[in-house]
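Notes for the structure review
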Amino acid sequence: MTAKTPTVSRRRALIGAAGLAVLGAPAIARAQATAGRLVIVGGGFAGATAARASRERFPNVAVTLIEPESSFVTCPYGNLVLAGRDADLSRVTHRYDKLLARGVTKISQNAASIDPVAKTVRTAGGQTVPYDKLIVAPGIDIKWNAIKGYDEAASRVMPHAWKPSLQPVTALSERLKAMPDGGVFILSAPANPFRCPPGPYERASMVAEYLKANKPRSKVLILDAKDGFSKQPLFLAAWKQLYGDMVEWVGSDKEGRVVAVDPAAMTVETEFGKKHKGDVINIVPPQQAARIARESGLTGTGDWAAIDTRTFESKAVRDVFVIGDANAAPPMPKSGFVANSTAIRAATVAGAQMTGAAIPKAIYFNTCYSHVGKDYGISVAGVYRPNEDGSKIDEAPNSGGISAREATPDIRAGEATYADGWYQSITNYMFG
Ligand SMILES: Cc1cc2nc3c(=O)[nH]c(=O)nc-3n(C[C@H](O)[C@H](O)[C@H](O)COP(=O)(O)OP(=O)(O)OC[C@H]3O[C@@H](n4cnc5c(N)ncnc54)[C@H](O)[C@@H]3O)c2cc1C
């Protein structure tokens with residue numbers, strides 16, 4: 001028997017497990033299936049990490065990645081395009097070729113539905129893909145109209161640029177370049193939880209860096225649905241130091257929460273009816289788990305998928321793991337770093353369940369770097385553990401921390417360099 005010709009009993013097992021439709025699955029996926037079949041939906045921070053980790057740790061598990069895009073554009077480092085540090089998206093665009101060369105089979109389609117009884121995924125192109133274990137890692141969707149008037153049409157006038165496959169950051173940088181000197185850039189930030197808690201404030205910083213150099217009479221107004229935000233004292237101090245009075249933050253306690261937009265008038269309206277007019281308006285809208293997670297029963301009636309915090313297995317559907325931004329795993333943030341850390345956990349548990357390997361104790365990590373100005377970086381870090389029954393996650397005592405309030409320019413420059421190193425190493429793990 002060669003690897004490419006399964007025995008009759010193997011064939012029967014495959015057909016028995018998932019019905020005749022399995023014969024429509026790619027030849028490579030069938031040929032690899034020795035210990036089991038891991039199918040991953042979504043090839044972003046979580047999914048691409050899980051694919052690589054599984055190939056490395058369980059070479060006899062067949063890995064199939066369902067992801068429609070031919071390359072992945074990261075959100076991290078996209079904000080640097082706004083500062084004008086990067087002219088285009090080349091730094092943040094990564095191809096899947098090297099991941100595929102590690103033995104991952106890619107189906108370049110959207111996953112349309114999951115059948116948890118037959119244990120198959122149906123693709124938008126009509127292919128049926130059987131799994132023994134399924135990892136769902138589709139990221140987020142925008143909650144259209146959660147802010148009155150903010151629908152897809154409005155987002156073409158007031159970009160979100162918060163999900164690159166839907167709208168790249170260049171949609172915003174083009175508007176910023178066209179903004180007159182003396183203009184107002186409005187950024188509306190959402191309530192928690194949302195993708196990348198420090199992201200809106202790094203974005204405001206990168207916009208200010210561009211404006212200071214190119215349109216110094218302009219203003220950045222952040223209208224926030226929260227009364228506080230990640231690394232707030234550090235951001236506020238750095239804005240003052242680097243940009244003077246250019247950046248203004250208005251929290252929800254000062255009527256910062258945007259409740260409605262008017263794209264024709266280029267205005268946003270806050271809670272008690274105050275209207276602000278902007279020359280460029282960036283709405284970072286409320287978010288939810290991406291559609292495939294919601295429509296497969298993984299999120300129940302909520303916005304995010306409930307998981308066992310020890311394994312990242314879905315609480316709703318057996319043999320399915322949900323990783324990355326699509327799940328609810330507080331107090332961990334929705335970050336690429338956490339997506340990577342928890343993807344390794346899910347791939348390890350899924351692989352161990354299929355091969356009989358031992359499952360190590362769980363521990364998760366996060367570090368979120370933010371660029372605030374040239375040679376000026378800050379960070380927040382955390383180490384996390386699940387509790388005994390998998391119902392919650394706790395920050396490990398005396399772990400993690402935040403950049404010092406007072407620091408020398410060398411230290412701030414050092415953090416900006418560490419951020420670069422983090423980005424290179426995480427993208428190299430996924431795509432290198
Ligand atoms: C401006 C900004 C800056 C950020 N900066 C940082 C940072 O510095 N550090 C950090 O750690 N995090 C950062 N983040 C957060 C980080 O981008 C996310 O937390 C991370 O991308 C989440 O990974 P994910 O795999 O869940 O989702 P994604 O990375 O979005 O990947 C989801 C993938 O699933 C695919 N997909 C969706 N639906 C389907 C379907 N039905 N079938 C098949 N495939 C599907 C998509 O095409 C996509 O490739 C930032 C975010 C933003 C917006």
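Just so we're clear, the structure is a prediction, and the values are computed from it rather than from any experiment.

1. Remarks on the sheet that holds strand E14 (residues 258–262)
- Taken in spatial order, the 3 strands line up as E14-E15-E16 in an open sheet, and their pairing is antiparallel. Two strands bound the open sheet, and with one partner strand each, they are E14 and strand E16 (275–277). Neighbour to neighbour, the strand axes of the sheet diverge by 25° on average, direction disregarded.
- By the bridge criterion, 4 bridges tie E14 to strand E15 (residues 267–270) in an arrangement that is antiparallel. The residue of E15 that forms the bridge with alanine 260 is glutamate 269.

2. Considerations on the domain arrangement of the protein chain
- Looking at the assigned domains, one finds that the protein chain contains domain 1 (8–139 + 290–360) and domain 2 (144–286).
- Taken together, the 17 residues of domain 1 in the interface contact 21 residues of domain 2.
- Carbon and sulfur atoms supply 65% of the area that domain 1 and domain 2 bury against each other, a total of about 1600 Å² over both sides.
- Scanning the region where domain 1 abuts domain 2 turns up 2 salt bridges.
- With a shortest N-O distance of 2.7 Å, glutamate 209 and arginine 85 are connected by a salt bridge.
- At the boundary of domain 1 and domain 2, one finds 6 residue pairs in polar contact (both at pLDDT 80 or more).
- With 5 residues, helix H4 (residues 79–83) is the largest single contributor of residues to the side of domain 1 that touches domain 2.
- Looking at the side of domain 1 that touches domain 2 residue by residue, the classes come out as 9 nonpolar, 4 polar and 4 charged.

3. Observations regarding helix H9 (residues 232–243)
- Taking 1.5 Å of rise per residue, 12 residues should cover 16 Å, and H9 covers 16 Å from first to last C-alpha, within 8% of that figure.
- For H9, the set of buried residues is Gln232, Leu234, Phe235, Ala238, Trp239, Leu242 and Tyr243. Angularly, the buried residues of H9 cover 155° about the axis, an arc narrow enough to put them on a single face. For H9, the exposed residues set more than 90 degrees away from the buried face come down to Lys240 and Gln241.
- One or two residues past the end of H9 sits glycine 244, with phi positive at roughly 60°.

4. Things to note about the pairing of strand E21 (residues 376–386)
- The element E21 is extensively covered by neighbouring structure, given that 8 of its 11 residues are classed as buried.
- Note that strand E20 (residues 364–373) and E21 share 9 bridges and pair antiparallel. Along E21, the bridge assignment pairs asparagine 366 with glycine 382.
- Where E20 hands over to E21, the hairpin turn is made up of 2 residues, of which aspartate 375 adopts a positive phi near 55°.
- In the sheet, E21 pairs with strand E23 (residues 401–402) via 2 bridges, with the strands oriented antiparallel. When the sheet's bridge partners are listed, alanine 381 is paired in E23 with glycine 401.
- In the sheet, E21 pairs with strand E22 (residues 393–395) via 3 bridges, with the strands oriented antiparallel. From the neighbouring strand, proline 386 faces E22, where its bridge partner is isoleucine 393.

5. Side note on the site of the ligand
- Taken together, the neighbourhood of the ligand is formed by 32 residues, with Ala46, Glu67, Ala111, Arg195 and Asp325 sitting nearest.
- The backbone of alanine 111 places a nitrogen or oxygen atom 2.8 Å from a nitrogen atom of the ligand.
- Note that an oxygen atom of the ligand is positioned 3.5 Å from one of the backbone N or O atoms of alanine 137.
- The protein chains hide 93% of the 1000 Å² of surface that the ligand would expose on its own.

6. So, the packing of helix H8 (residues 199–214) against H9
- One can describe the packing of H8 onto H9 by two numbers: an axis separation of 11 Å at closest approach and a directional angle of 5°. With respect to each other, H8 and H9 are oriented roughly parallel. Contacts between H8 and H9 involve Tyr201, Glu202, Ala204, Ser205, Ala208, Glu209 and Lys212 on the former and, on the latter, Phe235, Trp239, Leu242 and Tyr243.
- By residue class, the composition of the contact of H8 with H9 is 7 nonpolar, 1 polar and 3 charged.

7. Overview of the sheet that holds strand E8 (residues 128–130)
- Here we have 3 strands laid out as an open sheet, ordered E6-E7-E8, and antiparallel in their pairing. Edge strands, defined here as strands with exactly one partner in the open sheet, are strand E6 (111–115) and E8. Mean inter-strand twist for the sheet, computed between neighbouring axes without regard to direction, equals 25°.
- Across 3 bridges, the pairing between strand E7 (residues 120–123) and E8 is antiparallel. Residue pairing across strands places threonine 120 opposite proline 130, the latter belonging to E8.

8. Description of the packing of aromatic side chains
- Here the structure, examined in full by the defined rule, presents 14 aromatic pairs.
- Between tyrosine 201 and phenylalanine 235 the ring centres are 6.1 Å apart and the planes differ by 55°, which places this aromatic pair in the tilted class. Note that tyrosine 201 is positioned in helix H8 and phenylalanine 235 in helix H9, a separation of 34 residues in sequence. With respect to burial, tyrosine 201 and phenylalanine 235 carry one shared label: buried.
- It is arginine 52 that lies over the ring of tyrosine 429; its NZ or CZ is 4.6 Å from the centre.

Cut-offs applied
Residues numbered from 1 in each chain as written. Predicted model: local features only at pLDDT ≥ 70, side-chain atom pairs only at ≥ 80, totals over all residues. Heavy atoms only, no water. Pairing = 2+ DSSP bridges. Helix = DSSP H or I, 4+ residues; strand = E, 2+ residues; numbered from the N terminus. Axes fitted to C-alpha atoms, helices over the stretch in contact; angles between N-to-C directions. Domains from an automatic or database assignment. Contact = heavy atoms within 4.5 Å. Buried area = accessible area lost by both parts, 1.4 Å probe. Salt bridge = Lys/Arg side-chain N within 4 Å of Asp/Glu carboxyl O. Polar contact = N/O pair within 3.5 Å; in protein donor to acceptor, adjacent residues only side chain to side chain. Nonpolar A, V, L, I, M, F, W, Y, C, P; charged D, E, K, R; others polar. Expected span 1.5 Å × (residues − 1). Buried < 20%, exposed > 50% of the residue type's maximum accessible area, 1.4 Å probe, protein only. Arc of directions from axis to C-beta. Near = heavy atom within 4 Å. Areas by Shrake-Rupley, 256 points an atom, 1.4 Å probe, with all protein chains shown as cover. Parallel < 35°, antiparallel > 145°, perpendicular 65-115°, else oblique. Phe/Tyr/Trp six-rings, centres within 6.5 Å; stacked < 30°, edge-to-face > 60°. Lys NZ or Arg CZ within 6 Å of the ring centre and 35° of its normal.

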